[in-house]
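Fold and geometry: a report
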Amino acid sequence: MRKTLTALAVTFACGLASAAYPEKPITIVVPFAAGGPTDKVARDLAEVLRKGLNNQTIVIENVGGAGGTLGAGRVAKAAPDGYTLLLHHIGMATAPALYRTLPFKVMEDFEFLGMINDVPMTLIGRPTLPANNYAELVKWLNDNKGKVNLANAGLGAASHLCGLLFQQKTGIDMTTVPYKGTAPAMTDLLGGQVDIMCDQTTNTTSQIEAGKVKAFAVTTMQPLKTPALAKLPTLDSQGLKGFDVAIWHGLYAPKGTPKAVVDQVNAALRNALKDPEFVKRQEALGAVVVTDNRVSPAEHRKFVEAEIAKWGPAIKAAGQYAD
Ligand code: ASP
């Protein structure tokens, strides 16, 4: 009897603990500027994620700079209580090869909460660029060697990785102009202060659809299904054989966050990714929500580990480092 009562008390206490979380607003750190591609994913996700988290408010905090490493570093050092989370992309896997010193260890300092989506990228140019297709762009880039500005969101951003591979494969060097995110970079591209950029479809689709930027290619091996982007040819089909860059987003918590909280956020994420409105919105922006098996923390961890192994050598070969 006594044993049963103790067991009941423990069950009750555990039940209470998990039912209580979250009892105050949760912050999701986005390591790039507001209004950009990762920020848009985070804000759309937060709307549905909160339904599985006692309808708590989710505050998005933009901590841009150093290609996403400042924001990731902030979360690595935050209290592991489930109230500070990180939504980050492929930069989580490329940073270890790009930075000699990082303020965090990707595989050691985080709990993996699940993956979110895969996002292709597009190669776009300022509206006044005198090139209307990829072949004309390559000619213009060659004619203007030494004068071309390529915008990105800093060393470690997806726009950096994509731009790096583009320069490597075309053999054309450009001057890179780093921003705290591709939202401010887009503002400058629209204003003609920078020439070209490789950016996620979650940021470029509406600009392409409105004819406000020049669109030259998608960075995946297959053309995209999203109506606004379906006519854009791949880089692979236009001469850059094997060019294949799609990025992905995942959700993280500081290492040591209680398992009950990790499980609860993971369950909320699983449900959020099944929300028809969220899925539709992602598709309209060219992104693809991951299948349920990839939302598991174990799969997420395994995937990031594999991505570190995949991109590390390519980045090291390109010889790009920051201290
Ligand atoms: N995801 C970044 C942003 O939201 C851009 C990038 O990674 O290139 O601004």
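Residues numbered from 1 in each chain as written. Predicted model: local features only at pLDDT ≥ 70, side-chain atom pairs only at ≥ 80, totals over all residues. Heavy atoms only, no water.

1. Some remarks on the site of the ligand
Residues in contact with the ligand, as listed here, are F32, P37, T38, H89, A153, A157, A158, S159, G181, T182 and Q200. Note that an oxygen atom of the ligand is positioned 2.9 Å from one of the backbone N or O atoms of A158. Side-chain polar atom of Q200 to a nitrogen atom of the ligand: 3.2 Å apart, as the coordinates give it. In the complex, 100% of the free accessible area of the ligand, which totals 270 Å², lies under the protein chains. If you list the elements that add at least two residues to the shell around the ligand, you get α2 (37-49) and α6 (158-170). In the shell around the ligand, the residues fall into five nonpolar, six polar and no charged. (Near = heavy atom within 4 Å. Polar contact = N/O pair within 3.5 Å; in protein donor to acceptor, adjacent residues only side chain to side chain. Areas by Shrake-Rupley, 256 points an atom, 1.4 Å probe, with all protein chains shown as cover. Helix = DSSP H or I, 4+ residues; strand = E, 2+ residues; numbered from the N terminus. Nonpolar A, V, L, I, M, F, W, Y, C, P; charged D, E, K, R; others polar.)

2. Observations regarding the pattern of salt bridges
A complete count under the given rule lists 15 salt bridges for this structure. The shortest N-O distance in the salt bridge between D143 and K139 comes to 2.7 Å. Taken as a pair, D143 and K139 lie in helix α5 (residues 134-143) at a separation of four residues, close to a single helical turn. Its salt-bridge partner being D263, residue K259 comes within 2.7 Å of it at the nearest N-O pair. Separated by four residues within a single helix, K259 and D263 lie in helix α9 (residues 259-272), roughly one turn from each other. The exposure class assigned to K259 is exposed, which follows from its relative accessible area of 59%. Judged by relative accessible area, D263 falls into the partly exposed class, the value being 37%. (Salt bridge = Lys/Arg side-chain N within 4 Å of Asp/Glu carboxyl O. Buried < 20%, exposed > 50% of the residue type's maximum accessible area, 1.4 Å probe, protein only.)

3. Considering the state of the cysteines
Under the counting rule described, the total for this entry stands at one disulfide. Between the sulfur atoms of C162 and its disulfide mate C198 the distance is 1.9 Å. Of the two residues, C162 is situated in helix α6 and C198 in strand β7 (residues 196-200); the sequence distance between them amounts to 36 residues. Assigned by exposure class, C162 and C198 land together as buried. (Disulfide = S-S within 2.5 Å.)

4. Remarks on the confidence of the model for the protein
Averaged over every residue, the pLDDT of the protein is 92; residues scoring 70 or more account for 93%. Across residues 1-18, confidence stays below pLDDT 50; counting only partners more than four residues off in sequence or on other chains, it has two contacts. (pLDDT = per-residue confidence, 0-100. Contact = heavy atoms within 4.5 Å.)

5. As for the packing of aromatic side chains
Taken as a whole and assessed by the stated rule, the structure comprises six aromatic pairs. Taking the centre distance of 5.2 Å and the plane angle of 85 degrees together, the rings of W248 and F303 count as edge-to-face. Taken as a pair, W248 in strand β9 (residues 246-254) and F303 in helix α11 (residues 297-318) lie far apart in primary sequence, 55 residues in all. What makes W248 buried here is its relative accessible area of 1%. Taken together, the ring pairs connect F104, F110, F112 and Y252 into an aromatic cluster. It is K24 that lies over the ring of Y83; its NZ or CZ is 4.5 Å from the centre. (Phe/Tyr/Trp six-rings, centres within 6.5 Å; stacked < 30°, edge-to-face > 60°. Lys NZ or Arg CZ within 6 Å of the ring centre and 35° of its normal.)

6. Concerning the pairing of β7
Of all five residues in β7, five are buried; the element is thus mostly enclosed. Here β7 shows a buried face lined by I196, C198 and Q200 and a second buried face lined by M197 and D199. Bridge count for strand β4 (residues 110-125) against β7 is five bridges, and the pairing is antiparallel. Across the sheet, T122 pairs through a bridge with D199, a residue of β7. (Pairing = 2+ DSSP bridges.)

7. Thoughts on the environment of R50
Note on placement: R50 falls in the loop between α2 and β2 (58-62). Considering only alpha carbons, one finds R50 and L269, 219 residues apart in sequence, at a separation of 9.1 Å.

8. A word on unusual backbone geometry
Going from Y21 to P22, the amide bond is cis rather than trans, its omega being -10 degrees. In the Ramachandran plot, N54 falls in the positive-phi region, its phi being about 55 degrees despite a non-glycine side chain. Of note, the phi angle at A66 is positive, near 50 degrees, even though the residue is not glycine. Locating A66 in the fold gives a position in the loop between β2 and α3 (69-76).

9. Quick notes on the nonpolar core
Within the largest apolar cluster, 87 residues are counted, with the highest numbers of intra-cluster contacts made by L45, L49 and F166. Setting aside its immediate chain neighbours within four residues, F166 contacts L123, Y134, L141, M174, I196, L235, L240 and F243. Counting 14 residues, the second-largest nonpolar core is a separate cluster that includes I124, L189, V194 and V218. (Core = buried A, V, L, I, M, F, W, Y, C linked by side-chain atoms within 4.5 Å.)

10. Quick word on the packing of helix α4 (residues 91-98) against α11
In contact at an axis separation of 8 Å, α4 and α11 are set at 40 degrees when each is read in the N-to-C sense. What the angle tells us is that α4 and α11 run oblique. For the element pair α4 and α11, the recorded crossing hand is right-handed. Contacts between α4 and α11 involve A93, T94, P96, A97 and L98 on the former and, on the latter, V304, E307, I308, W311, G312, I315 and K316. The residue makeup of the contact of α4 with α11, split by class, is eight nonpolar, two polar and two charged. (Axes fitted to C-alpha atoms, helices over the stretch in contact; angles between N-to-C directions. Parallel < 35°, antiparallel > 145°, perpendicular 65-115°, else oblique. Left-handed = near helix turned anticlockwise from the far one by under 90°.)

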